[in-house]
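These are the residues of each chain, in order.
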Amino acid sequence: MNKSVLILGAKSDIAKELGKIFAKDGYDLYLAARNVNELDEYITDLKIKNNIQIQKIEFDITKIETHTEIWENIKEKIFGVILAAGYLPNQKEAEKNWNITLNTINVNYTGAVSFLNLVANSFEERKSGFIIGISSVAGDRGRKDNYIYGSTKAALTAYLSGLRARLFNSNVHVMTVKPGPVYTKMTEGLVLNPNITAIPEKVAKDIYGAYLNKKDVIYTPAFWYIIMFITKHIPEFIFKKMTIR
Amino acid sequence: MKTFSWGLYPKYNGKIINIYSKNDLIKYFNTYSNVIPYGNGRSYGDSAISDYMLASKKMNYFISFDEKNGILKCQSGVLLSEILDFIVPRGWFLSITPGTKLITIGGAIASDVHGKNHHKEGCFSNSVIELSLMLPNGDVIKVKNGDEMFLATCGGMGLTGYILDATIKLKKINSQFINQYVIKNKNLLQTFESFEKYANFTYSVAWIDCLADKKNLGKSIIMVGEFANDFDLEYKEKKKLNVPFLFPDFALNTYSVKLFNYMYYNVIENSIDRPIKVHYDKFFYPLDSINNWNRIYGKNGFTQYQFIIPKDKSFDALSEILYEIHISGKGSFLSVLKLYGKENNNYLSFPIEGYSLALDFKIDNDIFDFLDKLDKIVLKYGGRIYLTKDARLNKETFYKAYQKLDYFLKIRNQVDPNKKINSLQSRRLGL
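The rules we used
Residues numbered from 1 in each chain as written. Chains lettered and ligands numbered in written order. Predicted model: local features only at pLDDT ≥ 70, side-chain atom pairs only at ≥ 80, totals over all residues. Helix = DSSP H or I, 4+ residues; strand = E, 2+ residues; numbered from the N terminus. Rg over C-alpha atoms; globule rule 2.2 N^0.38 Å. Buried ≥ 20, exposed ≤ 12 C-beta atoms within 10 Å, placed from the backbone. Contact = placed C-beta atoms within 7 Å. Axes fitted to C-alpha atoms, helices over the stretch in contact; angles between N-to-C directions. Parallel < 35°, antiparallel > 145°, perpendicular 65-115°, else oblique. Left-handed = near helix turned anticlockwise from the far one by under 90°. Nonpolar A, V, L, I, M, F, W, Y, C, P; charged D, E, K, R; others polar. Pairing = 2+ DSSP bridges. pLDDT = per-residue confidence, 0-100. Domains from an automatic or database assignment.

Colleague: Explain the overall build of chain A residue by residue, including any values.
Modeller: The number of helices and strands found in chain A is nine helices and seven strands. Its C-alpha atoms give chain A a radius of gyration of 18 Å, within 12% of the compact-globule value 18 Å for 245 residues. The principal-axis extent of the C-alpha atoms belonging to chain A is close to 55 × 40 × 35 Å. For chain A, buried positions account for 40% of its 245 residues. Across chain A, every contact between residues at least 6 apart in sequence was considered, and the portion connecting residues at least 24 apart equals 68%.

Colleague: Help me get a handle on the overall build of chain B, residues and values and all.
Modeller: Scanning chain B for helices and strands turns up 13 helices and 21 strands. A compact globule built from 431 residues should have a C-alpha radius of gyration of about 22 Å, and chain B, at 21 Å, falls within 12% of that. Taking all 431 residues of chain B together, the buried fraction comes to 47%. Intrachain contacts of chain B at a sequence separation of at least 6 include 76% that bridge at least 24 residues.

Colleague: Account for the packing of helix 9 (residues 311-328) of chain B against helix 10 (residues 367-380) of chain B, with residues named and values stated.
Modeller: Residues and elements named next belong to chain B. At a minimum axis distance of 10 Å, the contact between helix 9 and helix 10 shows a crossing angle of 165 degrees. By the angle class used here, helix 9 and helix 10 are roughly antiparallel. Between helix 9 and helix 10 lies a crossing of right-handed hand. Two secondary-structure elements touch here, helix 9 through A317, E320, I321, E324 and S328 and helix 10 through F370, K373, L374 and I377. The residue inventory of the contact of helix 9 with helix 10, partitioned by class, reads five nonpolar, one polar and three charged.

Colleague: So what's going on with the pairing of strand 7 (residues 71-75) of chain B? Residues and values would help.
Modeller: All names here are of chain B. Two strands pair when backbone bridges link them, and strand 6 (residues 62-66) and strand 7 are joined in this way by four bridges, in the antiparallel orientation. Bridging across to strand 7, F65 finds its partner in L72. Linking strand 6 to strand 7, which pair antiparallel, is a turn of four residues; within it G70 sits at a positive phi near 65 degrees. Examined bridge by bridge, strand 7 and strand 11 (residues 162-172) share five bridges and lie antiparallel to one another. Residue pairing across strands places Q75 opposite D165, the latter belonging to strand 11.

Colleague: Before we move on, could you go through the confidence of the model for chain B and cite the residues and values that matter?
Modeller: Scored by pLDDT, chain B comes out at a mean of 92, with 94% of its residues at no less than 70. Our summary of model confidence lists the complex with pTM equal to 0.90 and ipTM equal to 0.84.

Colleague: So what's going on with the packing of helix 3 (residues 67-74) of chain A against helix 5 (residues 98-126) of chain A? Which residues, and what values?
Modeller: Residue and element names in this part refer to chain A. Contact geometry for helix 3 and helix 5: axes closest at 10 Å, N-to-C directions at 35 degrees. For the element pair helix 3 and helix 5, the recorded crossing hand is right-handed. For the pair helix 3 and helix 5, the contacting residues are H67, T68 and W71 in the first and S114, F115, L118 and V119 in the second. Split by residue class, the contact of helix 3 with helix 5 holds four nonpolar, three polar and no charged.

Colleague: Summarise the interface of chain A and chain B; cite the residues concerned and give the values.
Modeller: Contacts between chain A and chain B engage eight residues on the former and seven residues on the latter. The class makeup of the residues in the side of chain A that touches chain B is two nonpolar, one polar and five charged.

Colleague: Please set out the domain arrangement of chain B residue by residue, giving values where relevant.
Modeller: Residues and elements named next belong to chain B. Domain assignment breaks chain B into domain 1 (2-55), domain 2 (62-173) and domain 3 (177-400). Taking only C-alpha atoms, the centre of domain 2 and the centre of domain 3 are 24 Å apart. On the side of domain 3, 27 residues touch domain 2, which itself brings 27 residues to the contact. Where the side of domain 2 that touches domain 3 is concerned, the elements lending two or more residues are helix 4 (118-121) and helix 5 (148-153).

Colleague: Explain the environment of N171 of chain A to me, and be specific about the residues and the numbers.
Modeller: Residue and element names in this part refer to chain A. Within the fold, N171 resides in the loop between helix 6 (147-167) and strand 6 (173-179). Of the residues examined, N171 has 13 C-beta atoms within 10 Å and is grouped as partly exposed. A sequence separation of 41 residues divides N171 from F130, and the C-alpha atoms of the two residues are 8.6 Å apart. Discounting chain neighbours no more than four positions away, the residues touching N171 are K127 and S128.

Colleague: Residues and numbers for the pairing of strand 12 (residues 177-185) of chain B, please.
Modeller: Residue and element names in this part refer to chain B. Pairing of strand 12 with strand 16 (residues 271-279) involves five bridges; the strand directions are antiparallel. In the strand pairing of strand 16, V182 is matched with S271. Pairing of strand 12 with strand 14 (residues 220-227), which is carried by eight bridges, proceeds in the antiparallel orientation. Along strand 14, the bridge assignment pairs I183 with I222.

Colleague: Run through the sheet that holds strand 1 (residues 4-8) of chain A, naming residues and quoting values.
Modeller: All names here are of chain A. Pairing is parallel in the open sheet, where seven strands are placed in the order 3-2-1-4-5-6-7. Each of the sheet's edge strands pairs with one partner strand only, and the pair in question is strand 3 (54-58) and strand 7 (217-220). The sheet shows a mean angle of 15 degrees between the axes of neighbouring strands, direction not considered. In this structure, strand 4 (residues 80-83) lies alongside strand 5 (residues 130-134), joined through four bridges in parallel fashion. Following the sheet pairing, G80 is matched in strand 5 by F130.

Colleague: How would you explain the sheet that holds strand 12 of chain B if you had to name every residue and give the values?
Modeller: Residue and element names in this part refer to chain B. Strand order in the open sheet formed by eight strands is 16-12-14-13-19-20-18-21, and the pairing between neighbours is antiparallel. With one partner strand each, in any of the chains shown, strand 16 and strand 21 (384-385) form the two edges of the open sheet. Bridge count for strand 18 (residues 302-310) against strand 21 is two bridges, and the pairing is antiparallel. By the bridge assignment, F307 is partnered in strand 21 with I385. Across the sheet, helix 10 touches strand 18, strand 20 (354-362) and strand 21, and the angle it forms with strand 18 is around 10 degrees.

The following block contains the structure:
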């Protein structure tokens, strides 16, 4: 039997590319997303190309009360979990509308922590498995233009860091992924700088390579490590006056 | 944002929008005018450039595969390379393939592309069993090979609607390798004789040295080949080269192109008796191994001029055109000559029975006047220009060259009377 990987937020572009790579490598897939039936065409494609099993799971990361049951039903079969669910609000709207801010926190942090807590407990007990969490470079420093999104990713990054330390002795690999801006459905309509914006295929390939090499934290594309290194070290009294896009 | 196709010319303020589903399409058809279906942006000129370019790349799923009979159904945004990665290890190949695999299947149909086997096996539409088309009003129709709508859509430059998916017939192979034979020819007459002599090979193509001196006009290397029979189908990934930046404008000039052609001609060896075994990637897609090769022409870009002349007049026409190019001293890095078989019934497909020559020209001040001059010669001999490569053809020449145009315009008028779908090219050509 193949190893299985659970992808949370399986409809995201990065998740779909990751699904293709894991499928090609012979993993069975558990795809969890809202309106998961929208993945039917994608699933048919993967099944034609690869000799694997694929299960769909109707999943809303903000519906915390459903998490335990969903996880209990499948946990025996899952070898690794990829957290790809995420929500990028319009910063200006989020500043004025608490519900948008709250939803951002719930998708990117509260819901993620709720589910990964369950996963962590199982994997710790079993002493195997992996968790890949997709955070963001936006979590490395709060910028005027997207700090509501960024702060939720900062929290997720800190959570994953702690989780990694906790599970290290249990043989569970926890990897934090910090992509820069990526051309996806989430960023469609935004004005993105083509010089620093990646395509999901590239990001997924980087993630998979880093997973095989058991990396702890990766920036993708890799040049973001340098950009964020510099960004993090700009003194606050200068940073607050800067407009960075 | 400035958008452009493979030739980097023209550059236009259009917007590329990813299409994820039928519903997306209906939405954009209803909200925007001046839309055009867009695949992988590998047509050379302005045929896929408009205000809103509806990109199919996110609709790139296989729908079904019949391994026994080699029949594949997939969405229109699937790249030929994605098809090959999947089918070659299973003993199948594309029935028809152009010189790049980095195009979508929707694009292949809209351009009704052809390849080295046109003289034997025709255009891409020959391998299309049926397709689904979304009309500009949002209706989705099934179009079968031979239908009136099929004849308008294959080669129709995306102007009849949006191709959603297609079912294609593949070709059985026993190897991923081609047995290739090379024939060197000293001039145009020899080149034509070789083409006729080796016409029984399934695949054939010639590289012409456009800058050879006057008595050697038409000097060429012909490559012919057949799939091998060694049952080696295992996939191996290869490294790619890249052109990481735009070349300075002076990099390609008469002298550097002459040098390249000279070296190419003299390094390669004649091998009529003993074939060389080459991988299908190298045989069919030599330029795909160099990412962004279009950048060697510099920031102003280039245009590819591809024309075809009926067989009985090909020799005279080519002699005249090669002579004009020789006098002009305009270097073409790549010049490809090819023999074509019978014309199909599609309204706007390019191929007719005869010979076609494709030349790259760097965009500069007087190139368009020069190409207008070549147009006159092409027209005089009853030939035509390939729309997929074109960025500058004028309406009058186009109307004279494409005799089945009226049938196309009739269908176009039925499905899209307000010309919601249009490209810079269709506006220029009155399509």
